[in-house]
Amino acid sequence: MITYGKRATASSRLRAISCILLAISAGLVVFTGITSSRAINPRGSASLLGAVASAKAAEHYGVQIGTVSVDGPTPTPFPCPLCWFARARSENFDYLTPPQLPGGWLATNALGPPPLWVTSNSGLPTPPADTAPNALFIDDPADVSDKRLDGWFVSFFEDCCVLLTFRHNFNLEASDLDPNVGFDGGVLELSTDNGNTFQDIIAAGGGFVSGGYNRTIATDRGSPIAGRQAWSGNSNGFITTVVGLPAGSLQGRLRWRMASDSSGGNQGWRVDSLYMTWCEGMGTPCPTPTPRRGSTPTPRSRPTPPPHP
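Remember, predicted model here, so these are calculated numbers, not experimental data.

Caption draft 1: Looking closely at the nonpolar core. Formed by 40 residues in total, the largest nonpolar core has its most connected members in Leu164, Leu188, Trp256, Trp269 and Met276. For this core, the secondary-structure elements that each account for two or more residues are strand S4 (135-140), strand S5 (145-156), strand S6 (160-172), strand S8 (185-191), strand S15 (250-260) and strand S16 (266-280). Core analysis: the second largest hydrophobic core is formed by five residues, Cys80, Cys160, Cys161 and Cys279 among them.

Given below as structure tokens:
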């Protein structure tokens with residue numbers, strides 16, 4: 001869990017203003033995108049606070065920009081706002097022995113038969129992992145199911161530009177006739193009350209920068225997420241999703257959720273290469289600008305007019 005104390009001071013307000021100014025300037029940049037074969041480097045120190053973080057910040061503060069592409073070279077990073085610091089965390093599951101989950105992660109089936117979410121290094125859909133050998137995996141049964149994986153706890157205060165990137169590979173039952181309709185689907189949810197209740201990432205105030213939902217789940221087949229937007233159909237391998245978490249104070253938890261109906265099943269859903277970046281609003285306060293010598297004019301006294309005769 002990442003936690004920072006309250007710093008409601010004048011310097012924190014200056015840092016917030018700096019973040020807004022940087023976000024506005026980022027809206028003028030054309031982003032060439034994240035490389036599709038390795039959008040993130042979970043072992044490296046390179047930060048995605050470049051195009052994607054600035055993009056989400058600019059969007060949040062009202063600057064309209066293009067969607068980040070999943071093709072092309074990795075964009076040149078932008079720095080965090082003045083007096084802020086770039087931070088990152090990552091998870092690739094490769095140190096685990098399947099079906100083990102990371103410590104603190106919780107898999108549950110609210111509905112439906114086993115299995116639960118697990119780590120996996122083989123099977124369908126292929127490839128089994130973005131970074132070998134392991135990825136998270138959940139099946140897509142031909143039964144009504146609601147399979148949930150509660151992952152990272154997140155806690156931010158006065159931080160800027162929180163971006164989650166992950167890679168996923170899914171083949172979930174969907175309509176062959178209508179490319180907008182899914183039958184079984186996966187969603188990303190967020191708790192804003194430290195894991196007590198969850199809602200869709202969009203309803204919670206987040207937003208996709210790239211790789212967002214591609215279908216709407218049918219309402220006539222008994223899916224637990226009927227009528228919602230979701231990932232469904234066949235991704236044809238690993239794709240990149242970048243999502244901005246809600247701005248402002250946040251104490252919650254992320255959840256990956258797969259729901260199916262009784263009309264049929266498919267191969268399942270794999271999630272790998274999680275990477276979160278943000279600008280930490282702490283550290284040395286921004287210095288107060290000092291006027292240049294001679295920049296402030298010296299007031300001159302006005303001559304007193306002579307008295308009237």
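Caption draft 2: Seen up close, the sheet that holds strand S12 (residues 229-230). Strand order across the open sheet formed by three strands is S7-S11-S12, with mixed pairing between neighbours. If you trace the sheet from one side to the other, it starts and ends with strand S7 (181-182) and S12, each paired once. Here S7 runs beside strand S11 (residues 215-217); their pairing, made up of two bridges, is parallel. When the sheet's bridge partners are listed, Val181 is paired in S11 with Thr216.

Caption draft 3: Molecular detail of the pairing of S6. Within S6, 13 of the 13 residues are buried, which leaves the element mostly enclosed by the surrounding structure. Pairing analysis gives nine bridges linking S6 to S16, with the strands arranged antiparallel. By the bridge assignment, Asn169 is partnered in S16 with Arg270. Where S6 lies against strand S14 (residues 239-244), six bridges are found, and the strand directions are antiparallel. When the bridges of S14 are listed, Thr165 appears paired with Val242. Direction of pairing for S6 relative to strand S13 (residues 233-234): antiparallel, over a ladder of two bridges. Opposite Asn171, over in S13, you have Asn234 as the bridge partner.

Caption draft 4: View of the sheet that holds S15. The five strands lie next to each other as S2-S5-S15-S8-S9, forming an open sheet whose pairing is antiparallel. Of all strands in the sheet, those bounded by a partner on one side alone are strand S2 (106-111) and strand S9 (199-200).

Caption draft 5: The arrangement of the state of the cysteines in detail. Tallying each qualifying case throughout the model produces one disulfide. One disulfide bridge connects Cys160 with Cys161, the sulfur atoms lying 2.3 Å from each other. No difference in accessibility class separates Cys160 from Cys161, as the two residues are buried.

How each quantity is defined
Residue numbers run consecutively from 1 along every chain, following the written order of its sequence. At least 70 in pLDDT is required for a residue's local features to be given in this predicted model, at least 80 for side-chain atom pairs to be given and counted, and no such filter applies to totals for whole chains, interfaces and linings, which use all residues. Water and hydrogen atoms were dropped before computing side-chain values, which therefore reflect all heavy atoms in the structure. Grouping buried Ala, Val, Leu, Ile, Met, Phe, Trp, Tyr and Cys residues that are joined through side-chain atoms within 4.5 Å yields what is termed a nonpolar core. Note on classification: 1.4 Å probe, protein chains only; a residue is buried when its accessible area is under 20% of the maximum for its type, exposed when over 50%, partly exposed between these limits. In this text, helices come from DSSP runs of H or I with a minimum length of four residues, and strands from runs of E with a minimum of two, each type numbered from the N-terminal end. In this analysis, strands are considered paired if DSSP registers two or more bridges between them. Any cysteine sulfur atom paired with another within 2.5 Å is treated as part of a disulfide.

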